[in-house]
Amino acid sequence: MKKFFKIFLIVIVCVVFIGTFVFLFRNSMNKETVYTLASPETGSIERSTVLTGKIEPRDEIDIKPQISGIISEILVEAGDHVNNGDIIAKIKVIPEEAQLSQAENRVEVAKISLNEAKSNFERTRQLYEKKYESREKYEADEAAYERAKREYDQANDQLTIVRDGYSAANAQGSNTLVRSTVTGVVLEVPVKVGSSVIQANTFNDGTTIAKVADMTDLIFKGKVDETDVDLIHEGQEVRITVGAIADSDYPAVIEKIAPMATDDNGTNTFEVKAALSASEAAHLRAGYSANANIILEKAENVLTISEGVVEYEDGKAYVYVLTDSVGGQKFDKREIKTGLSDGLKVEVKDSSITKSTRLRDSAVK
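Residues numbered from 1 in each chain as written. Predicted model: local features only at pLDDT ≥ 70, side-chain atom pairs only at ≥ 80, totals over all residues. Heavy atoms only, no water.

(A) Up close: the overall build of the chain. Looking only at helices and strands, the chain features four helices and 22 strands. Going through the 365 residues of the chain one by one, you find that 30% of them count as buried. Pairs at least 24 apart in sequence give 72% of the contacts found in the chain among residues at least 6 apart. When the accessible surface of the chain is totalled, it reaches about 23,500 Å², and 50% of it is carbon and sulfur. (Helix = DSSP H or I, 4+ residues; strand = E, 2+ residues; numbered from the N terminus. Buried < 20%, exposed > 50% of the residue type's maximum accessible area, 1.4 Å probe, protein only. Contact = heavy atoms within 4.5 Å. Areas by Shrake-Rupley, 256 points an atom, 1.4 Å probe, with all protein chains shown as cover.)

(B) Inspection of the packing of aromatic side chains at higher detail. By the definition in use, this model includes three aromatic pairs. With 5.5 Å between their ring centres and 35° between their planes, Phe121 and Tyr138 make a pair best called tilted. Pair noted here: Phe121 is in helix 2 (residues 97–129) and Tyr138 is in helix 3 (residues 135–164), with a separation of 17 residues, a long-range link. Joined through ring pairs, the aromatic side chains of Phe121, Tyr138 and Tyr145 make up one cluster. The residue whose ring lies beneath Arg360 is Tyr35, and the NZ or CZ to ring-centre distance is 4.5 Å. Here Arg360 stacks its cationic end above the ring of Tyr320, 3.8 Å away from the centre of that ring. (Phe/Tyr/Trp six-rings, centres within 6.5 Å; stacked < 30°, edge-to-face > 60°. Lys NZ or Arg CZ within 6 Å of the ring centre and 35° of its normal.)

(C) Expanded view of the environment of Gly343. Topologically, Gly343 is positioned in the loop between strand 20 (338–341) and strand 21 (345–348). Classification of Gly343 as exposed rests on a relative accessible area of 53%. Taking the C-alpha atoms as reference points, Gly343 and Ser306, separated by 37 residues in sequence, lie 8.9 Å from one another.

(D) Highlighting the sheet that holds strand 7 (residues 177–179). With antiparallel pairing, the four strands of this open sheet are ordered in space as 7-6-4-9. With one partner strand each, in any of the chains shown, strand 7 and strand 9 (196–197) form the two edges of the open sheet. One ladder, built from three bridges, connects strand 6 (residues 87–92) with strand 7; its direction is antiparallel. Paired with Ile87 across the strands is Arg179, a residue of strand 7. (Pairing = 2+ DSSP bridges.)

(E) Quick look at the sheet that holds strand 5 (residues 81–82). Pairing in this open sheet of four strands is antiparallel, and the strands run 3-10-8-5 from one edge to the other. Strand pairing shows two members of the sheet lacking a second neighbour, strand 3 (60–63) and strand 5, which therefore form its edges. For strand 8 (residues 184–188) and strand 10 (residues 210–213), the ladder comprises three bridges, and the chain directions are antiparallel. Bridge pairing in strand 10 places Val185 opposite Ala213.

(F) Summary view of the nonpolar core. In this structure, Ile55, Phe220, Ile232, Ile240 and Leu284 are the most contacted members of the largest nonpolar core, which totals 26 residues. Residues contacting Ile55, with those up to four places away along its chain left out, are Leu218, Ile219, Phe220, Ile240, Val242, Leu276, Leu284, Arg285, Ala286, Gly287, Tyr288 and Ala290. (Core = buried A, V, L, I, M, F, W, Y, C linked by side-chain atoms within 4.5 Å.)

(G) Inspection of the environment of Lys337 at higher detail. Here Lys337 shows up in the loop between strand 19 (330–336) and strand 20. Lys337 gets classed as exposed once you look at its relative accessible area, which sits at 54%. Considered as a pair, Lys337 and Ile353 are 16 residues apart in the sequence and their alpha carbons are 9.9 Å apart. Once you skip the residues sitting within four places of it in the chain, Lys337 turns out to touch Glu347, Val348, Lys349 and Asp350.

(H) Here's a closer look at the pattern of salt bridges. Per the stated rule, a full pass over the model turns up 20 salt bridges. As a salt-bridge pair, Arg360 and Glu311 come within 3.5 Å of each other at their nearest N and O atoms. Of the two residues, Arg360 sits in strand 22 (residues 359–364) while Glu311 sits in strand 17 (residues 311–313), which places them 49 residues apart along the sequence. Taking relative accessible area as the criterion, Glu311 reaches 29% and is therefore assigned partly exposed. One salt-bridge network, in which partners are shared between bridges, spans Glu46, Lys298 and Glu300. (Salt bridge = Lys/Arg side-chain N within 4 Å of Asp/Glu carboxyl O.)

(I) The arrangement of the side chain of Ser248 in detail. Mapped onto the secondary structure, Ser248 falls in the loop between strand 12 (237–242) and strand 13 (250–257). Polar contacts involving the side chain of Ser248 include one to the main-chain carbonyl oxygen of Ile245, which spans 3.0 Å. Each residue touching Ser248, except ones within four places of it in the same chain, is listed here: Ile240, Thr241 and Val242. (Polar contact = N/O pair within 3.5 Å; in protein donor to acceptor, adjacent residues only side chain to side chain.)

(J) Representation of the pairing of strand 20 in the model. Bridge count between strand 20 and strand 21: two bridges; the pairing is antiparallel. Paired with Ser341 across the two strands is Val346, which belongs to strand 21. Between strand 20 and strand 21, which follow one another and run antiparallel, lie three residues, and Gly343 among them has a positive phi close to 95°.

In short, shape yes, function no, at least from these values alone.
Laid out in structure tokens, this is it:
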């Protein structure tokens with residue numbers, strides 16, 4: 001009985017061993033690979049590029065003072081519309097002591113001269129009326145008196161300019177009144193009441209009182225890679241999308257491409273400017289981040305195939321054409337001539353490939 005069980009156990013082990021061997025052998029045998037098939041289609045292909053940039057006014061003007069001093073009053077704020085010549089701010093002049101002292105001394109000297117000329121003229125006038133003085137002397141003293149009055153007025157005006165920053169004879173045209181030089185919208189007022197400001201000169205750019213721009217004349221400013229710059233041109237239409245505005249799609253026209261590249265983190269890029277129409281610009285604000293979609297190349301009503309069925313070797317393109325499906329799929333590797341590609345589809349420029357051609361796609365496990 002024990003011998004029977006021993007033999008039975010040995011038989012079971014052998015069966016398991018043989019079964020395992022057969023199972024592994026069958027799994028190690030090559031199975032026939034089955035591929036899905038794809039057919040060419042007629043359609044359109046376009047290759048485009050996206051430029052990143054911003055919406056900016058065409059001309060953004062920095063309003064600077066014509067005199068140094070302290071801001072005493074600001075009459076506008078960001079978002080206000082101003083016309084050319086409107087007063088934006090007022091400046092209080094802090095005069096230099098030397099200039100102020102010189103101007104005050106000039107007034108005193110002019111006053112002394114005026115009093116002397118007045119006395120001479122009054123004396124000559126009285127004598128002339130009594131026929132004791134000549135007409136020539138009377139007219140000469142009268143002219144001297146008028147010159148002295150003019151000199152005194154001019155000295156006082158100069159003192160007012162040095163001390164207060166404006167001419168008494170032309171207070172409205174004073175340099176202490178900072179005026180807008182263009183018509184537009186105030187974008188920014190980077191100063192406050194009490195801020196010191198400096199006029200522009202050879203050694204200093206001057207303090208910006210406000211930034212003003214015409215918000216009806218906006219442009220998109222972005223950059224294009226050097227590999228694509230020769231595929232775009234001035235006058236070409238683009239579509240602008242603004243990240244802050246959902247489903248935005250604004251038409252624009254390229255009006256300027258920089259003639260020289262700039263180094264952008266190791267990549268040569270060219271600046272591109274595209275103009276938006278006034279009606280579209282009305283919905284936008286300066287500084288919006290935006291993208292410009294530019295169609296570089298386009299092919300319409302051409303034969304296309306999926307990029308997935310094409311293999312590239314040594315700069316040549318190949319496809320596998322189904323030649324027989326009886327008893328298993330059989331394919332013929334064939335070189336083809338391709339055209340424009342958008343990364344998903346590629347144009348086929350080969351008469352041997354038609355819409356009825358069946359091409360090998362991905363394998364089915």
